[in-house]
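Coordinate inspection notes
Here are the chains, one letter per residue:
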Amino acid sequence: MVAQVIDGKAFAAKVRAQVADKVAKLKEEHGITPGLAVVLVGEDPASQVYVRSKGKQTVEVGMNSYEHKLDAETSEQDLLALIDKLNNDPAVHGILVQLPLPKHLNEDLVINAINPAKDVDGFHISNVGLLATGQKAMVPCTPLGCLMMLRDQHGSLSGMDAVVIGRSNIVGKPMAQLLLGDSCTVTIAHSRTRNLPDVVRRADIVVAAVGRPEMVPGDWIKEGATVIDVGINRIERDGKTRLVGDVDYASAAERAGAITPVPGGVGPMTIACLLANTLTACCRANGLPEPEGLTA
Ligand code: GUN
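All of these numbers come straight from a predicted model, not from anything done at the bench.

**Here we look at the overall build of the protein**
- When its secondary structure is counted, the protein shows 10 helices and 11 strands.
- Computed over C-alpha atoms, the radius of gyration of the protein comes to 19 Å, within 12% of the 19 Å expected from 2.2 N^0.38 for 296 residues, which places it in the range of a compact globule.
- If one aligns the C-alpha atoms of the protein with their principal axes, the spans along those axes are about 50 × 45 × 35 Å.
- Residues counted as buried form 47% of the 296 residues belonging to the protein.

**Remarks on the UniProt feature "domain: Tetrahydrofolate dehydrogenase/cyclohydrolase catalytic" (unreviewed entry) in the protein**
- As recorded in UniProt, the feature "domain: Tetrahydrofolate dehydrogenase/cyclohydrolase catalytic" (unreviewed entry) lies at residues 6–121.
- Structurally, residues 6–121 is divided into 48% helix and 16% strand, and its ends, taken at the C-alpha atoms, are 24 Å apart.

**Thoughts on the side chain of threonine 260**
- Looking at the secondary structure, you find threonine 260 in the loop between strand 11 (258–259) and helix 10 (267–285).
- Beyond its immediate sequence surroundings of up to four residues, threonine 260 is in contact with Ile6, Met149, Val227, Ile228, Asp229, Tyr249, Gly265 and Val266.

**Describing the environment of glycine 265**
- Among the secondary structure elements, glycine 265 is positioned in the loop between strand 11 and helix 10.
- Glycine 265 sits 257 residues away from glycine 8 along the chain, and the two C-alpha atoms are 4.1 Å apart.
- Here glycine 265 is in contact with Ile6, Gly8, Lys9, Met149 and Thr260, once residues within four sequence places are set aside.

**Focus: the site of the ligand**
- What surrounds the ligand is the set Leu96, Val97, Gln98, Leu99, Asp121 and Phe123.
- Here a nitrogen atom of the ligand sits 2.6 Å away from a polar atom, N or O, in the side chain of aspartate 121.
- For the ligand, the protein covers 77% of the area, taking 280 Å² as the surface of the free molecule.
- Among the cavities detected, the one that contains the ligand is the largest pocket.
- The residue inventory of the shell around the ligand, partitioned by class, reads 4 nonpolar, 1 polar and 1 charged.

**Concerning the UniProt feature "binding site: NADP(+)" (unreviewed entry) in the protein**
- Per the UniProt record, "binding site: NADP(+)" (unreviewed entry) is found at Gly166, Arg167, Ser168 and Ile232. None of the other annotated residues line the largest pocket; only Ser168 and Ile232 do.
- Tracing the chain through its elements places glycine 166 in the loop between strand 5 (161–165) and helix 7 (172–181).
- What glycine 166 contacts, discounting residues up to four positions off in sequence, is Gly172, Ile188, Ala189, Ala209 and Val210.

**Considering the pattern of salt bridges**
- Considering all chains together, one arrives at 10 salt bridges under this definition.
- One salt bridge connects glutamate 67 with lysine 69, and the closest N-O pair in it is separated by 3.6 Å.
- The class for glutamate 67 is partly exposed, based on a relative accessible area of 36%.
- A salt bridge links arginine 201 to aspartate 198; its shortest N-O distance comes to 2.8 Å. Remark: aspartate 198 and arginine 201 occur in helix 8 (residues 196–201); sequence separation between them is 3 residues, near one turn of the helix.
- You can call arginine 201 partly exposed: its relative accessible area is 34%.

Definitions and cut-offs
Residues numbered from 1 in each chain as written. Predicted model: local features only at pLDDT ≥ 70, side-chain atom pairs only at ≥ 80, totals over all residues. Heavy atoms only, no water. Helix = DSSP H or I, 4+ residues; strand = E, 2+ residues; numbered from the N terminus. Rg over C-alpha atoms; globule rule 2.2 N^0.38 Å. Buried < 20%, exposed > 50% of the residue type's maximum accessible area, 1.4 Å probe, protein only. UniProt positions renumbered as here; feature names shortened; annotations may be inferred. Contact = heavy atoms within 4.5 Å. Near = heavy atom within 4 Å. Polar contact = N/O pair within 3.5 Å; in protein donor to acceptor, adjacent residues only side chain to side chain. Areas by Shrake-Rupley, 256 points an atom, 1.4 Å probe, with all protein chains shown as cover. 1 Å grid on protein atoms, 1.4 Å probe; cavity = no way out; pocket = protein on both sides within 12 Å on 5 of 7 lines; lining within 4 Å. Sits in = over half its atoms within 2 Å of the grid points. Nonpolar A, V, L, I, M, F, W, Y, C, P; charged D, E, K, R; others polar. Salt bridge = Lys/Arg side-chain N within 4 Å of Asp/Glu carboxyl O.

In structure tokens:
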């Protein structure tokens, strides 16, 4: 079998267009413009690139973007004061604190200071609990993007065997909760899992999110399975720096039914889902129906 390539770039563009369309309607019908505040502490170059990209895409879909750049020595007290101000600002519907934070700042404390209704990353402990108990939550962006792609591919996921490789709080655990919410039979595999190849071979859906370059070879993939590769790993090959996923793409594509490439798969979906979450938060804050197809 030669896999269908799931084009995340095109999918993300479609999500952004849906968001833009609904933002325009919100303005026209209710005079409301969703607003996203992004807080960056320090000068980490990768974080600066992400934040710039988030700001640009926020404006492109017609939302207001508020960027707060604080210097690396900012005290916890000052950061918490800013979060408090954003929590109480009615023009701000979503708040994202870019991670990682400088070492002197307690990430858990900072994230849990965000109003859960504005926590568009879905990292607040309340949102983690709401998701785990099947209640209305803000859902982490990358797993939400993966879920959207899987639903688009299969329609219903009910009864499918899904294996999530990786147990991080940001991807693996929420991904497993979302798949369970869609009635998959879910296995979470990790570095201590016994007989990982056989566990993966059972799966109709494989989500790889471990951050180890090309660790899943094609012969672990069940014929016709859908493979979602969340990994973005920088490696040196043939004297060049390349981006590869957690799955060995070439061999997996020979067996999978559908597969996301790296780059151009899951990556572009994350910011698209951040915009979707900001729109959802804005609709909820104003007592309006949630945007269809853009939530879990
Ligand atoms: N740093 C890298 N990815 C993310 C993300 O999705 N959210 C936040 N807040 N920080 C990040």
